[in-house]
Every structure is written in structure tokens, then in C-alpha cells.
Amino acid sequence: MIDELANGRERIRKPQVIAHELGKRLREDAIVSCDSGTIATWWARHIPVRRGQMHSLSGNLATMANGLPYTIAAQIAYPNRQCVAFVGDGGFSMLMADFATAVKYRLPVKIVVIKNDTLGQIKWEQMVFLGNPEYGVELQPIDFAAVAHACGGAGFTAEDPGKCGQVLEEFLNVPGPALLQAVVDPLEPPLPPKVTADQALKFAESLVRGEPNRSKIALTAIADKVRELV
């Protein structure tokens, strides 16, 4: 079921897809650093860890913005290995100026930014744990590919379903530091393997109380559950 969620041209704007496609293309010696938030869900479910690779999350599993500095440090420690950050836009934007550090020292790090213009983990916690509509989680939209160019590195955007694999290949093989922003659906919920009755109730309460995207969120959640059953 997990693979089914990550496959299909029509689902390229889902975060599962970019994680799945990246996982297939990582080298055997890859060092992957993941940030905190919903990004950790997509990393854990859709990027398989292979023998010889190294993967890490933040030290306390909730500290944002670790992905970029972890990857810079990994590249310095292991200059001949493939060092990749898999991060969300909320965490990356906190320390994105450090991409200039990678450019300055010519570190060939590769940064994948999942761009949904929202603090996803906080959004879903407000709904599922508190039963409240999302509040104060919208991010200022940033063109991260343009930021990478401004810093002197390479910048890519993955959005077109037919070009995702091609963009990833070019991105991973370009010399020097590079960043790829993957524009994804902000309404894709990181559903747990098993939804408790209390979680379902709180989720329903948040929709009733005025969640602005309640119709689309409900349809997405139902569609994903149907895929699990079939």
C-alpha cells in the first residue's frame, strides 16, 4: 500500500512520490539527513535504508532545521560520499543562508526541499490532537530554487508529473551544491498506521469547527484509506 501511494503520475504532487523517487536514486554510500515534522513521516515510509548508507534525524526527534547543517557536516567528514538533505520548507527556511556556506567551500551537497508552504506537523497536530482548525501555520512562499541560484549554487524545481525523474537525475548528478524544491500537496495528511477513535473524533471536530480546507482534506483522507483497503 505504501508503494501504491508513492506511485502514479497523477500523484507527483504528493510528498510520498518525491521521497520514493529519491530513494530509488540514492547511491549505496549515501548519507541522508532528514528534518523534523511531516517530512520525517515521508522519509521513514518511502526512503528505504540500504546497507552501506547512513540516515539520521534530529537529535531529539523534534528539533527543526537540522537537515542542512547535518548534511554540510557529513560532506566535510566524508568528502567522497553522496550527502543529501531531505527537509521541509519550514525547517529549511530557518537556516537556508547556510546553503551559501556549502557554495563557499564547494561542498557537493544535495538538498531536497518539500515545499507545501505550511508547518505541516503543527497543522495536523492542531486538528488530530486538539480538534481545532489549523491556525497560524501558513508560511511565506519562497522560491527556494531562486535562493540556491542567488547563493551561487544550482536550483531545480520538481512539479511536472512527467519530468520528476528527469529533474531528480539532473539534480543529483550536477557538480557542486544543488537544491531541488518539490512542490507538493499541502493537504496530504500523514495518517498513522492505525487511527484511534479519539484521533478520528478530534479530526472530525476540527472539520466541523471551521477548518478552511475541510472538504479537500476529508476527500484526501478518505481516498488514501480506500487505497489501503483495495
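The numbers attached to residues start from 1 for each chain and follow its sequence in the written order. Local features in a predicted model are, by the rule used here, given only for residues with pLDDT of at least 70; side-chain atom pairs are given and counted only at 80 or more, and totals for whole chains, interfaces and linings are based on all residues. Remark: hydrogens and water are excluded; side-chain values derive from all non-hydrogen atoms of the structure.

1. Section: the packing of aromatic side chains
- Each Phe, Tyr or Trp ring, with Trp reduced to its six-membered ring, pairs with another whose centre is within 6.5 Å; inter-plane angles below 30 degrees give stacked pairs, above 60 give edge-to-face pairs, and intermediate values give tilted ones. The final tally for this structure, using the stated rule, is two aromatic pairs.
- When the centroid spacing of 5.6 Å and the interplanar angle of 75 degrees are considered together, the rings of F92 and F144 count as edge-to-face. One end of the pair, F92, is in helix α5 (residues 89–95); the other, F144, is in helix α8 (residues 144–151), and 52 residues separate them in sequence.
- On the basis of relative accessible area, F92 is assigned to the buried category, the value being 3%. Counting from the N terminus, the helices are DSSP H or I runs at least four residues long and the strands are E runs at least two residues long. Exposure is judged per residue with a 1.4 Å probe applied to protein chains only, and the accessible area is read against the type maximum: over 50% gives exposed, under 20% gives buried, and values in between give partly exposed.

2. Thoughts on helix α3 (residues 38–46)
- When you tally the buried positions in α3, you get seven out of nine residues, the bulk of the element.
- The set of residues buried in α3 consists of T38, I39, A40, T41, W42, W43 and H46.

3. Quick word on α8
- The complete set of buried residues in α8 reads F144, A145 and A148. Viewed along the axis of α8, the buried residues span an arc of 110 degrees, placing them on a single side of the element.
- In what follows, residue pairs with any heavy atoms lying within 4.5 Å of each other are defined as contacts. Where α8 is buried, its residues touch α5, α6 (99–104), β4 (110–115), β5 (154–158) and β6 (178–183).
- Where α8 starts, the residue carrying a side-chain oxygen 3.2 Å from the main-chain nitrogen of A145 turns out to be D143.
- G152 occupies a position one or two residues after α8 and carries a positive phi of about 105 degrees. The arc in question is the one spanned by the directions pointing from the helix axis to the C-beta atoms. Each polar contact in these results corresponds to two N or O atoms within 3.5 Å; when the atoms are within protein, one needs to be able to donate a hydrogen and the other to accept it, and residues that are neighboring in sequence are counted only if both atoms are side-chain atoms.

4. Observations regarding the sheet that holds strand β2 (residues 54–56)
- Pairing between two strands requires that DSSP report at least two bridges joining them. Spatially, the six strands line up as an open sheet ordered β2-β1-β3-β4-β6-β5, and their pairing is parallel. For this open sheet the edge positions go to β2 and β5, each flanked by a neighbour on one side alone. Ignoring which end each strand starts from, the neighbouring axes of this sheet average 15 degrees apart.
- Pairing analysis gives four bridges linking strand β1 (residues 31–34) to strand β3 (residues 83–88), with the strands arranged parallel. Each bridged residue has a counterpart across the sheet, and for I31 the counterpart in β3 is C83.
- Against the sheet, α3 touches β1, β2, β3 and β4, its axis set at about 130 degrees to β3. Angles shown run from 0 to 180 degrees and are taken between the N-to-C directions of axes, each axis being a line fitted to C-alpha atoms and, for helices, limited to the stretch in contact.

5. Some thoughts on the confidence of the model for the protein chain
- Every residue is assigned a pLDDT by the predictor, reflecting its confidence on a scale from 0 to 100. Averaged over every residue, the pLDDT of the protein chain is 85; the share at 70 or more is 83%.
- A low-confidence stretch, residues 225–230 (pLDDT under 50), is modelled with nine contacts involving residues beyond four sequence positions or located in other chains.

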